[in-house]
Amino acid sequence: MDRADQLAGHRDRFILPEGVLYLDGNSLGPLTKAAQARVAEAVNAEWADGLIRSWNTAGWIDLPARIAAKIAPLIGVDAADVAVGDSTSINLFKVLSAALDKAGEERNVILSEPGNFPTDLYIAQGVGALRGAELRLVDDVEAALADDTAVVMVTQVDYRTGAKHDMAALTEKVHAAGAIMAWDLAHSAGAFPVDLAGADADFAIGCGYKYLNGGPGAPAFLWAAPRHQTVMPALRGWFGHAAPFAFETQFRPAEGVKRFITGTAPVLSMTALEAALSAFDGVDLAAIAKKSAALCDLMIELVAARCPSLTLASPRDAAVRGSQVSFRHEGGYAIMQALIARGVIGDFRAPDILRFGMTPLYTRFADVFDAVEILAEILDTGAWDTPEFHRRAAVT
Ligand SMILES: Cc1ncc(COP(=O)(O)O)c(C=O)c1O
């Protein structure tokens, strides 16, 4: 295992509280120094003094395009094909609607996995109900491809186990079956190199607040291959209009991917996301992936040696794993609360998953050693099994 840390210097770009081992950047990335400074400036100068003039003078109007330019290299596409805004859920609605339009009437099945993230399934159910399409859930989407498949909607990295799909291979199979491939990159973008264009995918969506560190509820992104940028969007907002400030009565889509943008950009959130993305400046994504694999391998080895009551839920092979490690234990929720009380922050995913995200820009090998040491102590002493730690909070 190669533990030479070429990324060690990048930790300085983040604000991480003293006494906390943060292994949850796959859920909410930490604050960057750049975002902290830029949001203060946007509030105190651009909003307070500039007022509405700042749409032009501070370049607020160009925020989505500037952010698109920073996300594009992380997912292997042209900036001109990325739309930034709304949530991942809403962007998925747009993508599935567009995919059903492109697929034509004979194909009316949205194919996905039962373990896909619930919001993806719920949005697909909603689109299906509106469009007379069926959401079909199968463990093996490849095997289930059929003449009625309109679109395959898969999250590349499973949010519970961290198991990772081969993007190029699955996209090729889906195309061979005459269907459209839509990827949810919530747990991919910023975690390892993604090559959507190389895989010839059709659509993708992803979150701004996980590995991209854009802040709680940060705007999401949508990518559409150029060949799909002529569809009429299902959600038609004035910022997706060809001439928003002409205030026309009839919707006319903007050229290209811009048509998928809906309403006014959330300027403060976008300011935070734009600044946070500078944490990736000069960073080689291959180096991130290499260190992530080493961090995950280390955690798996240490837990196997020190915590025999935990069962590995993630793939052992880094080639088919995202940037997280998960373990099963029936007391998973209480164990995670006990860990958090000791300053080790991961999260819990029902029914029994303890999840630890590895974020190589700031996670150190020493953090993994220390976290497993505390985990082993909590398990050995049974310190987790108290009423306090079993009490469920609204967010797990
Ligand atoms: C795979 C996946 N998709 C989507 C989301 C969230 O979507 P939204 O940002 O709309 O809440 C998550 C959140 O964890 C996720 O894991």
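Keep in mind that this is a model prediction, so the values were computed, not measured.

About the cut-offs
- Residues numbered from 1 in each chain as written.
- Predicted model: local features only at pLDDT ≥ 70, side-chain atom pairs only at ≥ 80, totals over all residues.
- Heavy atoms only, no water.
- Helix = DSSP H or I, 4+ residues; strand = E, 2+ residues; numbered from the N terminus.
- Rg over C-alpha atoms; globule rule 2.2 N^0.38 Å.
- Contact = heavy atoms within 4.5 Å.
- Areas by Shrake-Rupley, 256 points an atom, 1.4 Å probe, with all protein chains shown as cover.
- Lys, Arg positive; Asp, Glu negative; His and termini not counted.
- Charge placed at Lys NZ, Arg CZ, Asp CG, Glu CD.
- Domains from an automatic or database assignment.
- Buried area = accessible area lost by both parts, 1.4 Å probe.
- Salt bridge = Lys/Arg side-chain N within 4 Å of Asp/Glu carboxyl O.
- Polar contact = N/O pair within 3.5 Å; in protein donor to acceptor, adjacent residues only side chain to side chain.
- Nonpolar A, V, L, I, M, F, W, Y, C, P; charged D, E, K, R; others polar.
- Near = heavy atom within 4 Å.
- Buried < 20%, exposed > 50% of the residue type's maximum accessible area, 1.4 Å probe, protein only.
- Arc of directions from axis to C-beta.
- Phe/Tyr/Trp six-rings, centres within 6.5 Å; stacked < 30°, edge-to-face > 60°.
- Lys NZ or Arg CZ within 6 Å of the ring centre and 35° of its normal.
- Expected span 1.5 Å × (residues − 1).
- Bend = angle between axes of the 7 residues up to and from the residue.

On to the overall build of the protein chain. In terms of helices and strands, the protein chain carries twelve helices and 13 strands. The C-alpha radius of gyration of the protein chain comes to 22 Å, within 12% of the 21 Å expected for a compact globule of 396 residues. Overall size of the protein chain, expressed as C-alpha extent along the three principal axes, is 70 × 60 × 40 Å. In the protein chain, the proportion of contacts linking residues at least 24 apart, taken out of those at least 6 apart, comes to 72%. Here the protein chain has roughly 16500 Å² of accessible surface; of this, 55% comes from carbon and sulfur atoms. In the protein chain, 34 positive and 48 negative side-chain charges are present, and the distance between their average locations comes to 3 Å.

A common way to express how large an interface is: the accessible area buried when the components associate. We note that the domain assignment places domain 1 (8-31 + 284-390) and domain 2 (37-280) within the protein chain. Listed as interface residues are 33 residues of domain 1 and, on the opposing side, 24 residues of domain 2. Taken together, both faces of the contact between domain 1 and domain 2 bury some 2000 Å²; the carbon and sulfur share is 57%. On the domain 1 side of the contact with domain 2, Asn 26, Leu 285 and Gln 324 bury the most area, a combined 23% of that side's loss. Our enumeration of links across domain 1 and domain 2 arrives at zero salt bridges. Our count for the domain 1 to domain 2 interface comes out at twelve residue pairs in polar contact (both at pLDDT 80 or more). Elements represented by at least two residues in the side of domain 1 that touches domain 2 include exactly helix H9 (285-306), strand E10 (324-328) and strand E13 (353-357). The greatest single-element share of the side of domain 1 that touches domain 2, amounting to four residues, is contributed by H9. Here the residues of the side of domain 1 that touches domain 2 are counted per class, giving 17 nonpolar, eleven polar and five charged.

Turning to the site of the ligand, a few remarks are in order. All residues in the neighbourhood of the ligand are listed as Ser 87, Thr 88, Ser 89, Phe 117, Thr 119, Asp 120, Thr 155, Asp 184, Ala 186, His 187, Tyr 209 and Lys 210. Between an oxygen atom of the ligand and a side-chain N or O atom of Tyr 209, the distance comes to 2.7 Å. Note that an oxygen atom of the ligand is positioned 2.6 Å from one of the side-chain N or O atoms of Lys 210. If the ligand stood free it would expose 400 Å²; the protein chains cover 85% of that surface. For the shell around the ligand, a count of residues per class yields three nonpolar, six polar and three charged.

Overall, the coordinates contain 22 salt bridges when judged by the stated rule. Across the pair Arg 131 and Asp 101 runs a salt bridge, and its minimum N-O distance is 2.6 Å. Of this pair, Arg 131 sits in helix H5 (residues 118-131) while Asp 101 sits in helix H4 (residues 88-103), placing them 30 residues apart in sequence. Its relative accessible area of 41% is what places Asp 101 among the partly exposed residues. A salt bridge links Arg 342 to Glu 377; its shortest N-O distance comes to 3.2 Å. Residue Arg 342 is found in the loop between helix H10 (332-341) and strand E11 (344-345), and its partner Glu 377 is found in helix H11 (residues 365-381); the two are separated by 35 residues along the sequence. Through salt bridges with shared partners, a single ionic network connects Asp 297, Glu 301, Arg 316 and Arg 321.

What follows deals with helix H7 (residues 167-176). Here H7 has its buried residues at Met 167, Leu 170, Thr 171 and Val 174. The buried residues of H7 occupy an angular sector of 100° when the element is viewed end-on, so they sit on one face. Among the exposed residues of H7, those oriented more than 90 degrees off its buried face are Glu 172 and Ala 176. The N-cap residue of H7 is Asp 166: its side-chain oxygen and the backbone nitrogen of Ala 168 are 3.2 Å apart. Phi turns positive one or two residues past the end of H7, at Gly 178, with a value near 80°.

With respect to the element layout, Thr 359 can be found in the loop between E13 and H11. On the accessibility criterion, Thr 359 (5% relative accessible area) is buried. With near-sequence residues (within four places) excluded, Thr 359 lies in contact with Gly 25, Asn 26 and Tyr 211.

With that settled, consider the packing of aromatic side chains. Following the criterion strictly, the structure yields ten aromatic pairs and no others. On the basis of an interplanar angle of 85° and a centroid distance of 5.5 Å, the ring pair of Trp 55 and Trp 60 is categorised as edge-to-face. Ring geometry for Tyr 333 and Phe 348: centres 5.5 Å apart, planes at 80°, overall edge-to-face. Residue Tyr 333 is found in helix H10, and its partner Phe 348 is found in strand E12 (residues 347-349); the two are separated by 15 residues along the sequence. Both residues of the pair, Tyr 333 and Phe 348, count as buried. Put simply, the rings of Trp 238, Phe 239, Phe 245 and Phe 247 pair up and form one aromatic cluster. Positioned over the ring face of Phe 192 is Lys 164, at 4.0 Å from the centre of the ring. Over the ring of Tyr 333 we find Arg 392, and its NZ or CZ is 4.4 Å from the ring centre.

An α-helix turns once every 3.6 residues. As a result, residues three or four positions apart point the same way. Under the 1.5 Å per step criterion, the end-to-end length of helix H3 (residues 63-75) is 19 Å for 13 residues, consistent within 8% with the ideal 18 Å. The largest bend in H3 comes to about 25°, at Ala 69, with the proline Pro 73 one to four residues further on. For H3, the full list of buried residues reads Leu 63, Pro 64, Ile 67, Ala 68, Ile 71, Ala 72, Leu 74 and Ile 75. Remark: Gly 76 follows H3 within two positions and exhibits a positive phi of approximately 75°.

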